[in-house]
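Residue strings, one per chain:
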Amino acid sequence: MIGTVSISPLTRIEGHLAIHASTEPAGTGDEQGFRVSEARCEGEMYRGFEQILVGRDPMDAQQITQRICGVCPVSHGIASVQAQEMAYGIHPTRNGRLLQNLILAANYLQSHILHFYHLAALDFVDVTAVLAYEGVDRTLQALKTWVATSLARKDVFPAAPFLPRFEAEYVKDADRNIALLAHYVQALEMRRVCHEMGAIFGARLPHTTALVPGGCTQVPTMAGILEYQSRLKRVLGFIEATYLPDLLEVAKEFPDYFEMGVGYNNYLCYGVFPMDDGYTDRFLRPGVVMDGAWEALDPSAIREDVAQSRYANAAPKHPSQGESQPQANKSDAYSWIKAPRYKGSPMEVGPLARVMANYLSPKDSFVKAEVDAFLSQVELPAEKLRSVLGRHVARGLETKWIARQAFRWLDELQIDEPPTRDFELPKTGSGVGLTEAPRGALGHWLAIKDYRIERYQCVVPTTWNCSPRDSAGKPGPVEKALEGTKVRDEAQPIEVGRVVRSFDPCLACAVH
Amino acid sequence: MHGHSRREFLQMGASLAAALGLGQKQAIALADGLERLAEQKTRVLWLQGMSCSGCSVSFLNTDTPDPVEVLTEMISLVFHQTISATQGTQAMETLSKAVDEGNYCLVVEGAIPLTMQNACTIGGKPLATLLPPILRNAQAVVAAGTCAAFGGIPAAEGNATGAASVKECMEKAGIPVAKRLINCPGCPVHPQTLVATLAYVANKRFPDVDPVLLTPTAFYRHSVHDECPRFHYWEKHEFAEKFGDEGCLFKLGCLGPLSHTNCPRRQWNSGVNWCIRAGAPCIGCTNEQFAKKKDFPFYRKGEQYHAVEYQEQDRKGPKDET
């Protein structure tokens, strides 16, 4: 007996995603429920950025590509300016590099905080627990009154958008739920403060206008450095005293999720945050983990497969030669997402991939000590990181590392030195920008002819993670991670949502 | 719940408190809550078309009021793809129930693909067919951001989807736009502009709008150039030559004269900075033509090398102060 489970649309992610899965009975006897035997990720939106970019002035690209995604625009901006900088034959000035890092760091912090509290947490936290609140906190009192009155009045949509929801097992302890809700509210403020930090050097967020090839238009000032630093202290305090402890509370309550959503043992990381003016080292370094074994990154081994994607059929191509001819009604396709593969294999990208690529690397890295310290604290072996909770943990740890590192970049800024390096636009040229968005490995490939964009291809984190099957029929990483997921109630498959959200999908990115 | 007296609210609060096992102090708080909620809650449905969610993220950057105040005191956000707890079939049912009930304001973020309809689907249904009945039943429609207001980047030259604005979608479906559609452009929309527009709608009022662009005049009347803090450099013909320079940013590509918005006064992200103050040329993100033409680049560095589709005067806007 085969059943089906669908979440369409999957909310609390960026963009338009549907999940369709087949299930089978989980077992006999006392074991109840179902188990996912096969899953499909369907990207439901296509805009065609790559065609829109062709023929434009190359400098337009960093503004246009930021609009691929409003959650991680800075990462697209960075990938685009890096591709341009390579084509123009320059690196940013020291200030330019540091300012780019600081704007990107601010957006990483806002994105990760947003993901944990506002996208993922409602799968675990019981909002209705606020009804038992007896304390004097104004916000919680107001929330309680709001939920209570709208439930009691039998409103058509009580406590929307927090209700309705799937009826499932949430955190049981009322006080813990109430604390998590209070932090949901506090996190709204914290992520806003992170965007203020980004705007201090980036003019505004989302969609920074200050980022340019060669650096940043904002001259660093003492006042700006202090404004950023003061906010960063508050945010780091929140990460250490609230976000990471909350993550551990959720982990304690749902230990099963260290076993679920395992996926492939393949991880890809391009590296992010250049540490030196020659761009030889990154704060989080590039690396590949193939079936559990570390190897050095070789960007020439990337191909994009479109066998089951809504694009004209073609042999898998490297992004520098890539094409995106849409075919909305292609019969054997089920997604707008392409299927990027590395040496023919599906690869997971994101915070967990960055942690794995650095943890397993033969090079010495702070990541090893940090991860080992965490694992001994929770008494778990490293392989348990390959799970739903492992992805949340990797994201949380990384948030702390980036916040701490940002203080050092602030210290390195030189207020008397220029924030940009000038450049000449070349008649022809090409460039690649490889960086990491909060959601994973991000690459932009640019070719210039007659001072215009001849070709522009983006391979984006969620393109990797939510990719459909390829021409060999191999499922994408999220599809693979869903296999074996236990579902208690097929009509309310909250477990499926928990697995998918651990990847922090961004569909506007995946299909651009 | 309209038309109840204070006494009735107190009674309701008391019975509610009793039902929940709470004391007298709580009863008064509940009565206050009931009274406030009964008076102010306007249902809002928020749908995303071909969008990047940047306008949703920008909305969350509202500081006064903060997002929780907006959600619990000002409006009832019945559905939002990025924020709602609900998902899947339950989400689609919530949406259709809300549409059947009527009496809601619709916020649209993103453009709508009118020709390649598969290019945006929600719950497996093309947005281009899902949206018209929802638009028709709405008391007010707010197009949040330049994609929804004017098509934006998805509708730029070379697109294959037939991406269109909310206005085009309504006109195609024969839905009147006057006194119903409010355009709030910006890439992204400014959070305070959006929240203030929602405040009009939540209070059953319709803001004064530009007769052609349908943008609220309170926020979109003046150009960035008119209120620019670097205007004195323009008057003295002192221009920045490269990024990071002092001076008027016009020769780097600033589109302040073409961009009608209150950025110079409001600034961005709780007022910490904004484009011109950061030395970044205005890219004209509230303009109807934002990003649309391949031959109208944001920056002017390249114009000496390749053909462009504008004259100097086109970048200066209708008024030329020099």
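Only a predicted model underlies this, so the values are computations on that prediction, with no experimental measurement involved. (Residues numbered from 1 in each chain as written. Chains lettered and ligands numbered in written order. Predicted model: local features only at pLDDT ≥ 70, side-chain atom pairs only at ≥ 80, totals over all residues. Heavy atoms only, no water.)

Colleague: Is there a simple way to think about the interface of chain A and chain B in this case?
Modeller: Between chain A and chain B, the residue contacts involve 94 residues of the former and 98 residues of the latter. Regarding the contact of chain A and chain B, the summed buried area is about 8100 Å², with carbon and sulfur atoms giving 60% of it. Our count for the contact surface shared by chain A and chain B stands at 2 salt bridges. Connecting chain A to chain B are 51 residue pairs in polar contact (both at pLDDT 80 or more). (Contact = heavy atoms within 4.5 Å. Buried area = accessible area lost by both parts, 1.4 Å probe. Salt bridge = Lys/Arg side-chain N within 4 Å of Asp/Glu carboxyl O. Polar contact = N/O pair within 3.5 Å; in protein donor to acceptor, adjacent residues only side chain to side chain.)

Colleague: Please explain the sheet that holds strand β9 (residues 287–290) of chain A as it appears in this structure.
Modeller: Hydrogen bonds between backbone atoms are what pair the strands of a sheet, whose relative direction is either parallel or antiparallel. Residues and elements named next belong to chain A. Read across the open sheet, the 3 strands follow the order β6-β9-β10; overall the sheet is antiparallel. Taken across any chain shown, the strands that pair with only one partner, and hence form the sheet edges, are β6 (267–269) and β10 (293–295). Within this sheet the neighbouring strands show an average axis-to-axis angle of 20 degrees, counted without direction. Relative to β9, β6 runs antiparallel, the two sharing 3 bridges. (Pairing = 2+ DSSP bridges. Helix = DSSP H or I, 4+ residues; strand = E, 2+ residues; numbered from the N terminus. Axes fitted to C-alpha atoms, helices over the stretch in contact; angles between N-to-C directions.)

Colleague: What should I look at first to understand the pattern of salt bridges in this one?
Modeller: Note on pairing: side chains with opposite charge can pair once their charged atoms come close. All names here are of chain A. For the coordinates displayed, the defined rule picks out 37 salt bridges over all chains. With a shortest N-O distance of 2.8 Å, Arg176 and Glu253 are connected by a salt bridge. A residue pair is termed long-range when its members are at least 10 positions apart, and Arg176 in helix α6 (residues 174–202) and Glu253 in helix α7 (residues 222–253) qualify at 77 residues. The partly exposed category is assigned to Arg176, whose relative accessible area is 29%. Note that Asp281 and Arg285 form a salt bridge whose closest N and O atoms lie 2.9 Å from each other. Overall, the relative accessible area of 25% leaves Asp281 in the partly exposed class. The class for Arg285 is partly exposed, based on a relative accessible area of 21%. Taken together, the shared-partner salt bridges connect Glu240, Glu370, Lys400 and Arg404 into one network. (Buried < 20%, exposed > 50% of the residue type's maximum accessible area, 1.4 Å probe, protein only.)

Colleague: Explain the side chain of Gln62(A) to me, please; I cannot follow it from the model alone.
Modeller: With respect to the secondary-structure elements, Gln62(A) resides in helix α2 (residues 60–66). Within the local environment of Gln62(A), its side chain forms a polar contact with the backbone oxygen of Leu211(A), the two atoms lying 2.8 Å apart. Apart from the residues lying within four places of it in its own chain, the contact partners of Gln62(A) are Gly77(A), Ser80(A), Val81(A), Gln84(A), Leu211(A), Val212(A) and Tyr299(B).

Colleague: Would you mind showing me how to read the pairing of strand β15 (residues 452–459) of chain A here?
Modeller: Two faces belong to every sheet, and in a regular strand the side chains alternate between them. Residue and element names in this part refer to chain A. Burial analysis of β15 places 6 of its 8 residues in the buried class, the great majority of the element. Looking at chain direction, strand β14 (residues 440–449) and β15 are connected through 7 bridges and run antiparallel. Bridged to Lys449 within β15 is Arg452. Counting the residues that bridge the hairpin from β14 to β15 gives 2 residues, and of these Asp450 lies at a positive phi of roughly 50 degrees.

Colleague: Got a minute to help me understand the packing of helix α8 (residues 351–359) of chain A against helix α10 (residues 388–412) of chain A in this structure?
Modeller: For any two helices packed against each other, the geometry is given by the interaxial angle and the distance between the axes. Residues and elements named next belong to chain A. At their nearest, the axes of α8 and α10 sit 8 Å apart, and the two run at 75 degrees to each other. By the criterion of interaxial angle, the relationship of α8 to α10 is roughly perpendicular. Residues Pro351, Leu352, Arg354 and Val355 of α8 touch α10, and the partners they reach there are Gly390, Arg391, Ala394, Arg395, Glu398 and Trp401. Tallied by class, the residues present in the contact of α8 with α10 amount to 5 nonpolar, 1 polar and 4 charged. (Parallel < 35°, antiparallel > 145°, perpendicular 65-115°, else oblique. Nonpolar A, V, L, I, M, F, W, Y, C, P; charged D, E, K, R; others polar.)

Colleague: How should the nonpolar core be read in this particular structure?
Modeller: The nonpolar side chains of a soluble globular protein tend to be buried, and buried together. Core analysis: the largest hydrophobic core is formed by 260 residues, its most contacted members being Phe201(A), Tyr228(A), Leu45(B), Leu106(B) and Val166(B). Domain assignment of the residues forming this core places at least three in each of domain 2 (41–220) and domain 3 (222–322) of chain B. Those residues in contact with Leu45(B), other than ones at most four positions away along the chain, are Val78(B), Phe79(B), Leu95(B), Ala98(B), Val99(B), Tyr104(B), Cys105(B), Leu106(B), Val107(B) and Ile134(B). Counting 14 residues, the second largest nonpolar core, distinct from the first, contains Leu268(A), Tyr270(A), Ala301(A) and Leu434(A). (Core = buried A, V, L, I, M, F, W, Y, C linked by side-chain atoms within 4.5 Å. Domains from an automatic or database assignment.)

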